[in-house]
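Given next are the chains, with one letter for each unit.
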Amino acid sequence: MKGILLVNLGSPRSTSVPDVKEYLDEFLMDEKVIDYRWFFRALLVRGIILNTRPAKSAEAYKTVWTEQGSPLIVITEKIQKKLQKLVDIPVEIGMRYAQPSIENGIRKLADLGVTEIVLFPLYPQYAMSTTETVIEKTEEVRKAKFPNIKISYIQPFYNREIYINCLAESIKEKLPENFDALQFSYHGVPERHIYKTDPTKTCNLNDCCSRESNPSHQFCYRHQCFKTTNLVIDKLNLPKEKTIVSFQSRLGKDKWIEPYTDETFETIPKKGIKNLAVVCPAFVSDCLETLEEISVEGKEQFTHAGGENFHYIPCLNDEDRWIEVIKTLCDEKLQDFYMV
């Protein structure tokens, strides 16, 4: 029997400081997120970050929390329920961090008799700290707890036409009538992550991203972000001079891929961009990084710097067209099982 497991990032159980601290500890201690050796990672995370950040993050979570709970969890559950209505096999969800866990999702499917799972990491672009860590964690759980279950993974879909069409249509419907620029803000990663995931070891973070074809592209987060952007720009027939690409959510003093979103918000009003629309295509579900960091903090930064109108464009969330994309990609992967 076959089943589908949708995997997203995860969220604290509540907005209490202890719950946020527990979540951040699991998240930041992942060597795929902060890729220092364990001792130095623990020194940074448990010795410094967890002594100050949980209280601040808890306050931020309170601004986006809903009556049903974490926006990311609630939206992922809505996606699961809508997808379940379109397919005749079981659909469950799991989170890379906190609950419901990946193990919990696999166990639910296994209890229903599922022996072959299509696992869908809900990240359009590949990154060490997203797709890679989900696959590694899942394989760890499978080998330890479910050795007889076969798992097939949906590949990053950043350049798939059905996804680009879906994203472009969603953006087009939500774009304000008048805007000076559309900013694509992606989650940032340290530059060294790009080098670590490059199988060719030739990346220089410059011209290789713009080449038409390069073996490293299938693992290059930066390239995939720019590719998504360019495909959407073409689909919307937007002049490139009216678009901006930036990267948000950097942590610490390490060099992260540029340009930085927050710095962009503070500089572009001086260049005459007073009416700004912002979309976050690294996320398919609205969460703290979009609802608070961009829609609230970003708006404040932009307007304080002289901007006039700031328009945040929501993620795909549980839009019906997005559910259809998920179904199509899952159907394709299910064919792999049938052909074995």
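Structural notes, computed from the coordinates. (Residues numbered from 1 in each chain as written. Predicted model: local features only at pLDDT ≥ 70, side-chain atom pairs only at ≥ 80, totals over all residues. Heavy atoms only, no water.)

Moving on, we get to helix H1 (residues 17–28). Compared with an ideal rise of 1.5 Å per residue, which puts 12 residues at 16 Å, H1 spans 16 Å between its outermost C-alpha atoms and is within 8% of the ideal. Taken together, the buried positions of H1 are Asp19, Val20, Tyr23, Leu24, Phe27 and Leu28. Along the long axis of H1, the arc covered by the buried residues comes to 145°, so they all point the same way. (Helix = DSSP H or I, 4+ residues; strand = E, 2+ residues; numbered from the N terminus. Expected span 1.5 Å × (residues − 1). Buried < 20%, exposed > 50% of the residue type's maximum accessible area, 1.4 Å probe, protein only. Arc of directions from axis to C-beta.)

Along the polypeptide, glycine 188 turns up in the loop between strand E5 (181–187) and helix H7 (191–197). The spacing of glycine 188 and leucine 251 is 63 residues in sequence and 9.0 Å in space, taken between C-alpha atoms. The contact partners of glycine 188, leaving out residues within four places of it in the chain, are Phe247, Gln248 and Trp256. (Contact = heavy atoms within 4.5 Å.)

Next up on the list: the packing of aromatic side chains. According to the stated counting rule, one finds 14 aromatic pairs in the structure shown. Note on phenylalanine 157 and tyrosine 163: the rings are 5.0 Å apart at their centroids and 80° apart in plane angle, and the pair reads as edge-to-face. The exposure class assigned to phenylalanine 157 is buried, which follows from its relative accessible area of 1%. Between the aromatic rings of tyrosine 163 and tryptophan 322, the centroid separation amounts to 6.4 Å while the plane-to-plane angle is 65°, which identifies the pairing as edge-to-face. Here the residue tyrosine 163 occupies a position in helix H6 (residues 161–174), and tryptophan 322 occupies one in helix H13 (residues 320–339), the gap between them amounting to 159 residues. The exposure class of tryptophan 322 is buried, given its relative accessible area of 0%. An aromatic cluster of at least three residues, connected via ring pairs, comprises Phe120, Phe157, Tyr163 and Trp322. (Phe/Tyr/Trp six-rings, centres within 6.5 Å; stacked < 30°, edge-to-face > 60°.)

So, on to the sheet that holds strand E7 (residues 275–279). Across a sheet, paired strands are connected by hydrogen bonds in the backbone, their directions being either parallel or antiparallel. Across the sheet, which stays open at both edges, the four strands sit in the order E6-E5-E7-E8 with parallel pairing between neighbours. Strands at the two margins of the open sheet, each flanked by one partner only, are strand E6 (243–248) and strand E8 (309–313). Put simply, the sheet's adjacent strands are angled 25° from each other on average, direction ignored. Sheet topology places E5 next to E6; six bridges connect them, and they run parallel. In the strand pairing of E6, histidine 187 is matched with glutamine 248. Its contacts with the sheet put H6 on E5, E7 and E8, and the angle it makes with E8 is roughly 145°. (Pairing = 2+ DSSP bridges. Axes fitted to C-alpha atoms, helices over the stretch in contact; angles between N-to-C directions.)

With that settled, the discussion passes to the side chain of aspartate 198. For aspartate 198, the location among the structural elements is in the loop between H7 and helix H8 (207–210). With near-sequence residues (within four places) excluded, aspartate 198 lies in contact with Cys203 and Ser216.

Once that is clear, we can look at the sheet that holds strand E1 (residues 2–10). Spatially, four strands are ordered E2-E1-E3-E4 in an open sheet, and the strand pairing comes out parallel. Each end of this open sheet is capped by a strand with a single partner; those strands are strand E2 (91–97) and strand E4 (150–153). Averaged over all adjacent pairs, the angle separating strand axes in this sheet is 30°, with direction ignored. The pairing of strand E3 (residues 116–121) with E4 spans four bridges and is parallel. The residue of E4 that forms the bridge with valine 118 is serine 152. Sitting on the sheet, helix H4 (residues 102–111) touches E1, E2, E3 and E4, and the angle it makes with E2 is about 160°.

What follows is about the packing of H6 against helix H9 (residues 221–236). Where H6 meets H9, the closest approach of the two axes is 9 Å, and the angle between their N-to-C directions is 60°. Judged by the inter-axis angle, H6 sits oblique to H9. As H6 runs across H9, the sense of the crossing is right-handed. From H6, Glu161, Tyr163, Ile164, Asn165, Leu167, Ala168, Ile171 and Lys172 reach across to H9, where they touch Thr228, Leu231, Val232, Lys235 and Leu236. Each residue belonging to the contact of H6 with H9 can be placed in one class, and the counts come to eight nonpolar, two polar and three charged. (Parallel < 35°, antiparallel > 145°, perpendicular 65-115°, else oblique. Left-handed = near helix turned anticlockwise from the far one by under 90°. Nonpolar A, V, L, I, M, F, W, Y, C, P; charged D, E, K, R; others polar.)

The end-to-end C-alpha separation of helix H5 (residues 128–145) is 24 Å, in line with the 26 Å expected for 18 residues at 1.5 Å each. Listed as buried for H5 are Met128, Ser129, Thr130, Thr131, Glu132, Thr133, Val134, Thr138, Val141 and Arg142. Buried residues along H5 sit in contact with E1, E2, H4, E3, E4 and H7.

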